[in-house]
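Descriptive structure summary
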Amino acid sequence: MNRRDFFRRAAGALTAALPDLACAVRRQRRDSLWPSNLDADPETFPYDAELFEAAERFVFLGQSEAVLNVIPKQGKNLDIRLYRSPSENSIAGGSVQAYSGLKDSFDIPILVPSLEPEFRYRLEYREIGKGSWRSTPERRVKTPASYLRTGRLEAIFISDDHTFDDADQGTRIVHDPLLCQQRLSGEYVNSILKELAKNPDYYPAPDSDLRKTLNAFMMASTLLAILKYEHPDFIILGGDSTGIGAPYKWEGLGLKSPASGLSEQEVDNYAQLFWLRMRRIFSALTPSIPIYLCQGNHDGESGYDPAKNQARKYRKKYFKQPGLRQGGAAEENYFPLFWGAETVGKGVPLFLVLDNESYNPVSPGKAEDWTIGAGQKDWLKNALRYETDWKFVFFHHVLGGWPRGSNEEEVEYAYGRGPLYVAPDYEGYAADPNLVEQVELTKIMRDGGVSVHFYGHDHIFHVREIPAPCGGTARKMYGVRLGSPKWFGEDYWYKGPLWQKHYGSWGHYQADPQPVSLQTDFWGPSGYTKLTLNKDIVRVNYVRSGNNHPWTNIPPGIGVGATVASHILSF
């Protein structure tokens, strides 16, 4: 049975080792994705802003089915030629797809031969019927077949970048009008990235406006680290990137506050703005690395978010993901990723991206209120019938958590905090822990052979082996928090009694004069998680992605691109 047929049916129904700090230096990889146009023509890096709103985005929807999304600049009509070669050879001998008069967002369909490990392409473009042709650099994209050839899969997970937190607040008010404009458009990340590329030691001056937008600096550092040191098969974003679901930040970004009353058209405009902002921020990566995402509570699609319809519309327009055709949801908010083969069978890893936000009609007041919805739950059960050695599940946070808000002092709602999975975790937090949907989902995932649940939300990297029911001997399963590339580690969270009960000790927050403990049980920003699947070994590394000393518990001796923590997960 091929995977499309399989999912059509489905849709119808700690070993940890901290590296020696003296050796924690990464070498630049030979297969670096460092873009050639950064040196040759820095004005068009990471995209030609005169004719495009953002860089193109290449994404696989299936094993050999891909789309290349282009977004011409508003008011521009473009001629575009796609030169392509589904091989490791030069694209000079490949084929050409030509399009004329493109405007707005456009998906170019691409079929990639299923056994080719690499796909190469280049775009040529101009305003319709006039001017000379311009060209992007040659792009190289690893295909799912690369895993079949090498037996090695590398994926990067980035969660909770929170660049929308760069909004004006307190004493952090940005006065420079150009920076205010670029902060709203997302272009400030690319400006910082260019500075970092020229000078890796660059850091905004203490008295500068740019120093007030350090989430952008950390995001640029993360992009640079991936370009220099990594060549992943794909990236999954763990949520909380757009800011559509953080309307309390809008006024600080220069928009109208929802409290002043917004028309439907204004909400629509803002949703489009935030999605274009996200495309610009990730433009250094989208042409060469397939990027997928799951919904976070700040991305605007929560069931109780007034902007949910507009947020979804522009996500589907600018960030296409697998849908019904590939065995996912029609709204592309939950879907499967097979990586390596078109047919169902052992050895092909399965990644399931879920949506824990869209099916809650009101903001959950207690752990029992969270749900992924009956339809998505049935879909998950059917999807997990697929027989393979490796199954990985993603959603933004556990469906429950301790019954507090964003901070432990807030008791009005349940925010999904903590690595809580099984009924004993909810003792004292729920009248009947078995009514917390996360307890049911944990059983579904364990019975379905899930190896790891990856999730974000708490801005830390943490690995937990999830206990088997009643101390049984069921196959091991892990929960892995994905960390965050942001600049500030929330030390006031770390000091809460529930946090320490479930996550343990933060060790040494670098701004504190003395270590709280010699033991560090979790790691804060700035970092990303890397999964390496190599034959029978599953390794997860937390990699430092930005120099945010001293606002973290990561020691200053661990440089950008170096591994903070490494876990081989045994099963």
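Located above this text is the structure these notes cover.
Here's what I pulled together on the structure shown here. (Residues numbered from 1 in each chain as written. Predicted model: local features only at pLDDT ≥ 70, side-chain atom pairs only at ≥ 80, totals over all residues. Heavy atoms only, no water.)

Some thoughts on the overall build of the protein
From N to C terminus, the protein includes twelve helices and 21 strands. In terms of C-alpha radius of gyration, the protein reaches 23 Å, essentially the compact-globule figure of 25 Å for 571 residues. Expressed along its principal axes, the backbone C-alpha trace of the protein runs to roughly 70 × 60 × 55 Å. For the protein, the residues scored as buried account for 61% of the 571 residues in total. A total of about 21,400 Å² of accessible surface is found on the protein, and carbon and sulfur atoms cover 51% of it. Side chains of the protein give 65 positive and 69 negative charges; the mean places of these two sets differ by 5 Å. (Helix = DSSP H or I, 4+ residues; strand = E, 2+ residues; numbered from the N terminus. Rg over C-alpha atoms; globule rule 2.2 N^0.38 Å. Buried < 20%, exposed > 50% of the residue type's maximum accessible area, 1.4 Å probe, protein only. Areas by Shrake-Rupley, 256 points an atom, 1.4 Å probe, with all protein chains shown as cover. Lys, Arg positive; Asp, Glu negative; His and termini not counted. Charge placed at Lys NZ, Arg CZ, Asp CG, Glu CD.)

Some words on the pairing of strand β13 (residues 335–338)
The alternating pattern of β13 places Phe335 and Leu337 on one face and Pro336 and Phe338 on the opposite face, and all of these are buried. Bridging between β13 and strand β14 (residues 350–353) involves four bridges; their strand directions are antiparallel. Its bridge partner lying in β14, proline 336 is registered against leucine 352. (Pairing = 2+ DSSP bridges.)

What about the packing of helix α9 (residues 374–383) against helix α10 (residues 437–447)?
At a closest axis distance of 10 Å, the pairing of α9 and α10 adopts a crossing angle of 20°. Between α9 and α10, the angle falls in the class roughly parallel. Here α9 and α10 pass one another in a crossing that is right-handed. When α9 is examined against α10, the residues Lys377, Leu380 and Lys381 are found in contact with a partner set consisting of Glu437, Glu440, Leu441 and Ile444. Here the contact of α9 with α10 is composed, by residue class, of three nonpolar, no polar and four charged. (Axes fitted to C-alpha atoms, helices over the stretch in contact; angles between N-to-C directions. Parallel < 35°, antiparallel > 145°, perpendicular 65-115°, else oblique. Left-handed = near helix turned anticlockwise from the far one by under 90°. Contact = heavy atoms within 4.5 Å. Nonpolar A, V, L, I, M, F, W, Y, C, P; charged D, E, K, R; others polar.)

Observations concerning the sheet that holds strand β2 (residues 57–60)
As summarised here, the arrangement of the three strands in space is β2-β3-β6, forming an open sheet in which the pairing is antiparallel. Two strands bound the open sheet, and with one partner strand each, they are β2 and β6 (106–111). Direction aside, the axes of adjacent strands within the sheet are offset by 25° on average. Judged from the four bridges that link them, β2 and strand β3 (residues 65–70) form a sheet pairing that is antiparallel. Bridge pairing in β3 places arginine 57 opposite asparagine 69.

Focus: the sheet that holds strand β15 (residues 391–394)
A sheet is described by the order of its strands in space; here six strands give the open sequence β13-β14-β15-β16-β18-β17, paired in mixed fashion. On the outer flanks of this sheet lie β13 and β17 (461–465), each paired with one strand and no other. Going across the sheet, the axis of each strand differs from the next one's by a mean of 20°, ignoring polarity. Bridge analysis of β17 against strand β18 (residues 478–482) gives five bridges, and the strand direction is antiparallel. Each bridged residue has a counterpart across the sheet, and for phenylalanine 461 the counterpart in β18 is leucine 482.

Quick word on the environment of glutamine 500
Secondary-structure assignment places glutamine 500 in helix α12 (residues 497–503). Sequence spacing of glutamine 500 and proline 349 is 151 residues, and the spatial spacing of their C-alpha atoms is 34 Å. Glutamine 500 has contacts with Tyr494, Lys495 and Trp506, leaving out every residue within four places of it along the chain.

Quick notes on α10
By the criterion of burial, α10 is predominantly enclosed, with eight of the eleven residues buried. Looking only at α10, the buried set comprises Glu437, Gln438, Val439, Leu441, Thr442, Ile444, Met445 and Arg446. For α10, the elements touching its buried residues are α9, β15 and β16 (452–455). The positive-phi residue at the C-terminal boundary of α10 is glycine 449, with phi of around 85°.

Keep in mind these values describe shape, not function.
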